[in-house]
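# A structural walkthrough
Take a look at the letters that make up each chain.
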Amino acid sequence: VQLVESGGGLVQPGGSLRLSCAASGFTFRSYVMNWYRQAPGKQRELVATITSGGSTNYSGSVKGRFTISRDNAKNTVDLQMNSLKPEDTAVYYCRAYRINSYWGQGTQVTVST
């Protein structure tokens, strides 16, 4: 099983980034996919969820700015992040959940001038 995140980097406040998570080794289409983030000194928090049927949910802090999507043909889940703020700075992790839970290694997002 592998989850590999990409797309992180340094961006100015108000900018956009698109994260992607490539999955392999399990039946991707059957799994709920999440994006989490962890800022320095803080607990890991759930950012966005997309179910196997395509239903989505977001934390209050990102709703209206972030969009989660999945492509079951490519086994990928993306997180489009717009209107980024310094408080969005964190390591972002992809997670797959059904009965088991699988995590990626994370990708750093830094929002700063």
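Structure shown above.
Procedures and definitions
Residues numbered from 1 in each chain as written. Predicted model: local features only at pLDDT ≥ 70, side-chain atom pairs only at ≥ 80, totals over all residues. Heavy atoms only, no water. Pairing = 2+ DSSP bridges. Helix = DSSP H or I, 4+ residues; strand = E, 2+ residues; numbered from the N terminus. Axes fitted to C-alpha atoms, helices over the stretch in contact; angles between N-to-C directions. Buried < 20%, exposed > 50% of the residue type's maximum accessible area, 1.4 Å probe, protein only. Salt bridge = Lys/Arg side-chain N within 4 Å of Asp/Glu carboxyl O. Polar contact = N/O pair within 3.5 Å; in protein donor to acceptor, adjacent residues only side chain to side chain. Contact = heavy atoms within 4.5 Å.

Right, let's get into the sheet that holds strand 3 (residues 17-24). In space, the four strands of this open sheet follow the order 1-3-8-7, with antiparallel pairing throughout. Two strands close off the open sheet at either side, each with one partner strand: strand 1 (2-6) and strand 7 (66-71). Each strand of the sheet is rotated relative to its neighbour by a mean of 15°, with strand direction disregarded. Bridge count for strand 3 against strand 8 (residues 76-81) is six bridges, and the pairing is antiparallel. Along strand 8, the bridge assignment pairs Leu 19 with Leu 79.

Another aspect to go through is the pairing of strand 3. Only one face of strand 3 is buried, namely the one carrying Leu 17, Leu 19, Cys 21 and Ala 23, since none of Arg 18, Ser 20, Ala 22 and Ser 24 on the opposite face is buried. Here strand 1 runs beside strand 3; their pairing, made up of five bridges, is antiparallel. Bridge assignment links Gln 2 to a residue of strand 3, and that residue is Ser 24.

This model, assessed by the stated rule, comprises four salt bridges. A salt bridge links Glu 45 to Arg 37; the shortest N-O distance between them is 2.6 Å. Judged by relative accessible area, which is 5%, Arg 37 ranks as buried. The shortest N-O distance in the salt bridge between Arg 65 and Asp 88 comes to 2.8 Å. With Arg 65 in the loop between strand 6 (56-58) and strand 7 and Asp 88 in the loop between strand 8 and strand 9 (90-97), this residue pair connects regions lying 23 residues apart in the sequence. Across the pair, Asp 88 and Arg 65 agree in class, each one buried. In the salt-bridge network here, residues are joined through shared partners; they are Arg 37, Glu 45, Arg 65 and Asp 88.

Time to look at the side chain of Arg 70. The topology assignment puts Arg 70 in strand 7. A polar contact of 2.8 Å, which involves the side chain of Arg 70, links it to the backbone oxygen of Phe 28. At 3.5 Å, the side chain of Arg 70 forms a polar contact with the backbone oxygen of Ile 50. Apart from the residues within four sequence positions on either side, Arg 70 is in contact with Phe 28, Arg 29, Tyr 31, Val 32, Met 33, Ile 50, Thr 51, Ser 52, Thr 76 and Val 77.

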